[in-house]
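Analysis of the macromolecular model
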Amino acid sequence: MSGKHALALIALAATSLAAQNIPAHHAPKAPKTLRLYVFDCGVLTPADAKAFGFDHVSELKMSVPCFLVAHPKGTMMWDVGTAPDSDFKADSAPIHQGMITVTKPLKSELEAIGYEPADIKYVAFSHYHIDHTANANMFAASTWLVNQAERDIMFSDKPAPVRVEKNYSALKDSKTIILPATSDYDVFGDGTVIIKQTPGHTPGHQVLFLKLPKTGPVLVAGDLYHYNEERNTDHVPSFEYNKEQSLASRAKIEEFLKTSGAQLWIEHDFTANAKLKKSPAYYE
Ligand SMILES: [Zn+2]
């Protein structure tokens, strides 16, 4: 090999190494005011609404949103999908599992706006059911915000409905803040991101209240309701943990909606969800 040839090869090797040298990830700059991103984390297609106490509802399909709260002091994921990203095959074809359909991996939705799971300070779920915790393990390095009753049933030896422990098992060793059982929890200490306890659907079901500077107050309601038709009725799902608690929690939140003027966002309300801005757009 001539000296010239060898030098060219070395130069080529150096270039390809530089190309592989992926720059260190930098989390997006914290916004100056509160933001809320809504991700599409799938659709549920139940055969009927009988488990929810209805022969007929206006729209049977259920949306499954995931949420990223971006606050000047940090980030929080709220509900993380119904099928784990790891269920996507190499061809990225949509996931179809029974009544579950998911078309986008959550990680890719975060990356599209510049975030990696490691950038997420807090993770919280409305409740432990599979359609709210599927990607929980992705956020095991975040601080988990949960109340004791919910954490207990998540890791209990006794059977519990709609529970897939392998999807959140890594949280067992996560840094965890146990939230008060009855009073509100102010996540960033400025009254703009509040977790409210609403037990019933599960032992420690909770909802998220946000004071968005332009949108105004919003109540992200988890599964306090599934269908809008449940409001102002005593219909609760057949798999409810405690019906009386659910009705009491609903009454408390309906009263809160009146006093706060907050919009109610029923996460599974397909028709309402279809009208929400989806990431990369955001509410502020
Ligand atoms: Zn649900």
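For the structure itself, look to the data block above.
The paragraphs below set out a description of the structure included in this document. (Residues numbered from 1 in each chain as written. Predicted model: local features only at pLDDT ≥ 70, side-chain atom pairs only at ≥ 80, totals over all residues. Heavy atoms only, no water.)

Attention now goes to the layout of surface pockets. There is about 220 Å³ of room inside the largest pocket. Lining the largest pocket we find 19 residues, and of these Leu44, Phe52, Met99, Val162 and Phe239 sit closest to its centre. (1 Å grid on protein atoms, 1.4 Å probe; cavity = no way out; pocket = protein on both sides within 12 Å on 5 of 7 lines; lining within 4 Å. Points joined across faces, edges and corners; volume = space filled by probe spheres on them.)

Note on the zinc ion: its protein donors are Asp131 (OD), His132 (NE2), Asp223 (OD) and His268 (NE2). The metal-donor distances range over 2.0 to 2.1 Å. Between the four donor atoms coordinating the zinc ion, the angles at the centre fall across 88 to 163 degrees, so the site counts as irregular. Along the chain, the residues donating to the zinc ion are arranged with the sequence spacing D-H-x90-D-x44-H. Placement of the pair is His132 in helix H3 (residues 130-133) and His268 in the loop between strand E13 (263-265) and helix H6 (270-274), with a sequence separation of 136 residues. (Donors = N, O, S within 2.8 Å, 3.2 Å for Na, K, Ca; no water. Tetrahedral: all angles 85-135°; square planar, octahedral: opposite > 155°, others 65-115°. Helix = DSSP H or I, 4+ residues; strand = E, 2+ residues; numbered from the N terminus.)

Formed by 39 residues in total, the largest nonpolar core has its most connected members in Phe39, Leu68 and Met77. Those elements that place two or more of their residues in this core are strand E1 (35-44), strand E2 (62-71), strand E5 (100-102), helix H2 (106-111), strand E7 (143-147) and helix H4 (148-154). The element contributing the most residues to this core is E2, with five residues. Setting aside chain neighbours within four positions, we find Met77 in contact with Phe39, Cys66, Phe67, Leu68, Leu106, Leu110, Ile120, Tyr122, Val123, Ala124 and Phe139. Grouped together as the second largest cluster of nonpolar side chains are 24 residues, Val187, Leu208, Leu212 and Leu276 included. (Core = buried A, V, L, I, M, F, W, Y, C linked by side-chain atoms within 4.5 Å. Buried < 20%, exposed > 50% of the residue type's maximum accessible area, 1.4 Å probe, protein only. Contact = heavy atoms within 4.5 Å.)

This part covers the pattern of salt bridges. Tallied over the entire structure, the rule returns seven salt bridges. The partner of Lys107 in a salt bridge is Glu111, with the nearest N and O atoms 2.8 Å apart. Note that Lys107 and Glu111 are positioned in helix H2 at a spacing of four residues, about one turn of the helix. The partly exposed category is assigned to Glu111, whose relative accessible area is 35%. A salt bridge links Arg250 to Glu230, with the shortest nitrogen-to-oxygen separation between them at 2.7 Å. Here the residue Arg250 occupies a position in helix H5 (residues 243-260), and Glu230 occupies one in the loop between strand E12 (216-220) and H5, the gap between them amounting to 20 residues. Under the relative-accessibility criterion, Arg250 is labelled buried at 4%. (Salt bridge = Lys/Arg side-chain N within 4 Å of Asp/Glu carboxyl O.)

Functional significance is not addressed by these values, which are geometric in nature.
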